[in-house]
Amino acid sequence: MSQLLQDVRLSLRRMRREFAFTLVVVATLALAIGATTSVFSVVYQVLLRPLPYAAPEQLVRLFQSSPQRERMGVSLHALQAWRERTPSFLGLEGMTLRDFTLTGDGPAERVRAARATAGLLSMLGVRPVFGQTFGPETEVAGRDQVVLLSHELWQRRFGGSPDVVGRTLLLSGKVYTVLGVLPAGFRLAPGVDAWTPLALDLAGGERPEALWLRALGRLRPGVSVERAREELAGVAASMAHEAAYAEEAPGVRLFPLHAQVVESTREPLWLLAGVVALVLLVACANVANLLLARASAREREVSVRAALGAGRAQLMRQFLVESVLLALAGGAAGLLLALWGLDLLRALIPGEVLPPESLRLEPHMLAIAAGLSLLTSLLFGLVPALRAARADGRGALGGLRGGRGATGQGRARAVLVVVQVALALVPLVGAGLMLRTLHSLYSVPLGFEPRGVTVADVFVPREKYPDVESRRGVLASVLERVRGLPGVQSAGLASTVPLWGRTGLASVLLPGEPAAVADTRELSHFRTASDGYFATLGMPIKEGRGIEASDGAGTAPVAVVNETFARRYFPGRSAVGQRVKLTLDGESFREVVGVVGDVHHDSVDEAPASEVYLPVGQFEVLYMLLTVRSTQGLDVLAPVLRQELRAVDPDLPLVQLRSMVDLVDASLGSTQVLGTLLVAMAVLGLVLAGVGLYGVLAYSVSQRTRELGIRIALGATDGQLVWLVVRQGVRLAALGVVLGLVGAAMLARSLASQLHGVDTFDAFTFGGVPLLLGAVALLASWLPARRALSVPPNEALRGDG
């Protein structure tokens, strides 16, 4: 132990004496460890950390499926049947989302609530911090007007008051009693602020076979997911032959809950983790090169220590202790950078891409930083330590540099440079592919003009406006007032807008076709819209007309379809005047009165689907989006819109005001984030590789000072000497590029699902990135070559190199 402490003291003195060298090493490691720690922290939080529920490995998510849709919600009807027939589950529960208007004690506010079966929270192991949870008796209509508040709503609306339990709330005109407050951070579904019992509203037309749920289950201990899948598949197959379940989707899908929750983020995050690990390796190779360069200056010291009896283990320990101390210093600085990096990620990554709670400081970050520090100390310290262990006392008496030891070190450093270049090329190719993808996505014709358009969510509660005509009247009043505002060019209503996320799906029948045909067709999207909607979004009418104000409840049912729908169902002929039927409750055949241009509704990187637009006046609505094209910006327009809505009804909240430009940007959020982070990692790797190449060539030039002096004396020109050095750098870089292209090809295959409009092996990227690395290699080679030319020949000839 005393010997180890002595090695630590010697290493600290050397680090202080060689402060500039120490600063360069620590800064290099801090950048790499900081980036790696922040990214790995997010990976752990999102992908590896167990879900915050009791025995989360037993939890599963269930879907019904059909030939047309692989994953659908589960009807309450099917869920009840599965409960009775599947012994593999300890519990099967469900929830559905519903919006309420919260009034009283403040301005009207829309609250998203989860209507859950009584056993859901208990099955998850979630208990209120105040009060109690639901009981089975609350699943009866009339006894279901109780509510559990989220921790966030409790703090926001009630100031965290502990006496909130037992108080009453007015939700969409009905009185609800607060049963309790749920724990902070509980987030089963995004945006949920309240939980109410799931009791069927039979008077409102709800039926168990038509109420679609998010279904979750808990497996019995020892029951595998595969066994549960087989059991459910058998139950679903038997139900398909029973008349009571004839309307149910015939299939069932089951996934572990954790896998389903992280499904959309798993691949991008693991890709990013792999890239940042490569950058860490580049940094380790860079530092190993620096240590090897310093080791050459310490050959005499090491040889003297060996001659005085220092053993190989002792020499290795000294070098490894120095490496560990440098790595710990780099790790400490890297942890500070990681904290800043998390703040940067929090500002960069939208909440819909990664939840904010996954981007915070937690104790495991310390463990990650410490582990990375020790790992890097071994990675970059092992080579110098092994070389020190091979020293003997003869070097102390030789007095000559540049022998076989120097040659061996030169080869080792050259190998490390090749590795650096190879590793740096991989993230560069990934960044190039993502930049090309972003360029391609921003070049996609959207089918609408987002600039100048503001979207606001309008919710007309059924409880306050029980009949359809009253709800339509409220919306018509809102639309009329908004159209009269200064600066408003046009306004319209729609059940959803492009890239908002809400949609309806239905099968299509043509006249004379049997009903069974609809079950074999791909589902079409349907949306409701008012007059003025197409003009507001700048969607062109290709044929016929759009939706007009005269398309009301008492007029002939009509529809407007998009170009994709027209091509699919009426190829080679006009769609206008044709009749179609959507398989919705009470739907009759509608006449197609117009064809509107295709738009990218779901995603910019997906082809437009077949779509049908129905007039607002001919279809029941609760949730509508108000679209406004105005010369006023969102900041100016938002308070005016709220004022106009309050003028129609003070209890109507206006929420989620967003510009269409923001929606377009948000739709590209995950691609932008991945591309930005890949570019940042690629630039860091490129800089480190360039510095490493410069370092090895500068060292090589210093070792060849005498040789270069002789060449000058014999008449070598400046150009010949520069090429002599540059050729060495280009050769190392070229070898690194060749090796790196193999890794780049593997990364490109992994990125294939993230690319759009770009080939996996894009020639521009795979050709341009090596050229960029080549330019960096030329610069890194030219600088030490020019410095060598600045040494006078007489001084070079006197050198001992």
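Residues numbered from 1 in each chain as written. Predicted model: local features only at pLDDT ≥ 70, side-chain atom pairs only at ≥ 80, totals over all residues. Heavy atoms only, no water.

Caption draft 1: How the structure looks around the overall build of the chain. Each helix and strand in the chain was counted, giving 23 helices and 23 strands. Out of the 801 residues belonging to the chain, those deemed buried represent 51%. Long-range pairs, those at least 24 residues apart, make up 81% of the contacts in the chain between residues at least 6 apart in sequence. Element-wise, carbon and sulfur atoms account for 59% of the exposed surface of the chain, whose accessible area totals about 35,400 Å². (Helix = DSSP H or I, 4+ residues; strand = E, 2+ residues; numbered from the N terminus. Buried < 20%, exposed > 50% of the residue type's maximum accessible area, 1.4 Å probe, protein only. Contact = heavy atoms within 4.5 Å. Areas by Shrake-Rupley, 256 points an atom, 1.4 Å probe, with all protein chains shown as cover.)

Caption draft 2: Geometry of the confidence of the model for the chain. Across the chain, the average pLDDT comes to 82, with 85% of residues at 70 or higher. Low pLDDT, under 50, characterises residues 399–405; the predicted model gives this stretch seven contacts beyond four residues in sequence or across chains. (pLDDT = per-residue confidence, 0-100.)

Caption draft 3: Highlighting empty space enclosed by the protein. Counted by the stated rule, this structure contains three cavities of 30 Å³ or more. Space inside the largest cavity adds up to approximately 80 Å³. Taken together, Gln64, Ala78, Trp82, Ala236, Met239, Ala240, Tyr245, Glu248, Ala249, Pro250 and Gly251 make up the lining of the largest cavity. Of all elements in the fold, only helix H3 (76–85) and helix H6 (225–239) reach the threshold of two or more residues within the lining of the largest cavity. Class assignment of the residues belonging to the lining of the largest cavity gives a composition of eight nonpolar, two polar and one charged. (1 Å grid on protein atoms, 1.4 Å probe; cavity = no way out; pocket = protein on both sides within 12 Å on 5 of 7 lines; lining within 4 Å. Points joined across faces, edges and corners; volume = space filled by probe spheres on them. Nonpolar A, V, L, I, M, F, W, Y, C, P; charged D, E, K, R; others polar.)

Caption draft 4: Geometry of the pattern of salt bridges. Across all of its chains, the model carries 21 salt bridges by this definition. For aspartate 551, the salt bridge is made with arginine 545, and the minimal N-O distance between the two is 3.0 Å. Judged by its relative accessible area of 24%, arginine 545 is partly exposed. Here the salt bridges share partners, and the residues they tie into one network are Asp99, Arg110, Arg112 and Asp457. (Salt bridge = Lys/Arg side-chain N within 4 Å of Asp/Glu carboxyl O.)

Caption draft 5: Representation of the pairing of strand S1 (residues 59–65) in the model. Of all the seven residues making up S1, seven are buried; the element is thus mostly covered by neighbouring parts of the structure. Side-chain alternation along S1 places Leu59, Arg61, Phe63 and Ser65 on one buried face and Val60, Leu62 and Gln64 on a second face that is also buried. Pairing between S1 and strand S10 (residues 212–219): four bridges, direction antiparallel. Its bridge partner being in S10, leucine 62 is matched across the sheet by alanine 215. Judged from the six bridges that link them, S1 and strand S11 (residues 251–256) form a sheet pairing that is antiparallel. Residue leucine 62 lies in a different strand from S11, and its bridge partner there is leucine 254. (Pairing = 2+ DSSP bridges.)

Caption draft 6: Representation of the environment of proline 608. Assignment of secondary structure puts proline 608 in the loop between strand S20 (590–596) and strand S21 (611–615). Considering only alpha carbons, one finds proline 608 and aspartate 598, 10 residues apart in sequence, at a separation of 6.2 Å. Residues contacting proline 608, with those up to four places away along its chain left out, are Thr564, Asp598, Val599 and His600.

Caption draft 7: Examining the side chain of threonine 101 more closely. As for its placement among the helices and strands, threonine 101 is situated in strand S3 (residues 89–103). Those residues in contact with threonine 101 that lie beyond four places of it in its chain are Ala108, Glu109, Leu170, Leu171, Ser172, Phe459, Pro461, Asp651 and Pro653.

Caption draft 8: Representation of the nonpolar core in the model. In terms of nonpolar packing, the biggest core is built from 72 residues, with Leu425, Val429, Leu433, Leu693, Leu751 and Leu773 touching the most fellow members. Within the residue set of this core, elements represented by two or more residues are helix H2 (19–48), helix H8 (263–297), helix H10 (312–348), helix H11 (364–389), helix H13 (404–442), helix H19 (669–703), helix H21 (718–750) and helix H22 (763–789). Looking at which element gives the most residues to this core, the answer is H8, with 14 residues. Setting aside residues no more than four positions away along its own chain, leucine 751 makes contact with Leu271, Gly430, Leu433, Met434 and Leu674. (Core = buried A, V, L, I, M, F, W, Y, C linked by side-chain atoms within 4.5 Å.)

Caption draft 9: Highlighting the packing of helix H14 (residues 468–483) against helix H17 (residues 634–648). Remark: H14 packs on H17, axes separated minimally by 10 Å, with the N-to-C direction vectors making an angle of 140°. With respect to their mutual orientation, H14 and H17 come out oblique. Our pair here, H14 against H17, has a crossing hand that is right-handed. On the side of H14, the interface is formed by Val474, Ser477, Val478, Arg481 and Val482, while H17 contributes Leu641, Glu644, Leu645, Ala647 and Val648. Across the contact of H14 with H17, the residue classes tally to seven nonpolar, one polar and two charged. (Axes fitted to C-alpha atoms, helices over the stretch in contact; angles between N-to-C directions. Parallel < 35°, antiparallel > 145°, perpendicular 65-115°, else oblique. Left-handed = near helix turned anticlockwise from the far one by under 90°.)

Caption draft 10: Expanded view of the packing of aromatic side chains. Per the stated rule, a full pass over the model turns up 11 aromatic pairs. Summarising the aromatic geometry, the rings of tyrosine 53 and phenylalanine 186 are spaced 6.3 Å apart at their centres and angled 80° between planes, so their arrangement reads as edge-to-face. Placement of the pair is tyrosine 53 in the loop between H2 and S1 and phenylalanine 186 in the loop between strand S8 (174–181) and strand S9 (194–197), with a sequence separation of 133 residues. When its relative accessible area of 11% is taken as the criterion, tyrosine 53 is described as buried. Sitting over the ring of phenylalanine 255, arginine 229 keeps its end group 6.0 Å from the ring centre. (Phe/Tyr/Trp six-rings, centres within 6.5 Å; stacked < 30°, edge-to-face > 60°. Lys NZ or Arg CZ within 6 Å of the ring centre and 35° of its normal.)

Caption draft 11: Just helix H18 (residues 660–667), in detail. Inspection of H18 places Met660, Leu663 and Val664 among the buried residues, and these make up the whole buried set. Here the buried residues of H18 occupy an arc of 100° about the axis, which is enough to place them on one side. (Arc of directions from axis to C-beta.)

Caption draft 12: Region of the structure containing a positive patch on the surface. Together, Arg9, Arg13, Arg16 and Arg17 line one region of the surface with positive charge. Looking at arginine 16, the relative accessible area reads 58%, which means it is exposed. (Patch = residues over 30% accessible without salt bridge, like charges linked within 9 Å, V, L, I, M, F, W, Y side chains within 5 Å. Lys, Arg positive; Asp, Glu negative; His and termini not counted. Charge placed at Lys NZ, Arg CZ, Asp CG, Glu CD.)

Caption draft 13: Molecular detail of the packing of H3 against H6. With their axes 11 Å apart at the nearest point, H3 and H6 run at an angle of 120° to one another. The angle between H3 and H6 falls in the class oblique. Here the hand of the crossing between H3 and H6 comes out right-handed. Where H3 abuts H6, its residues Ala78, Ala81, Trp82 and Arg85 lie against Leu232, Val235, Ser238 and Met239. Among the residues making up the contact of H3 with H6, the classes are represented as six nonpolar, one polar and one charged.

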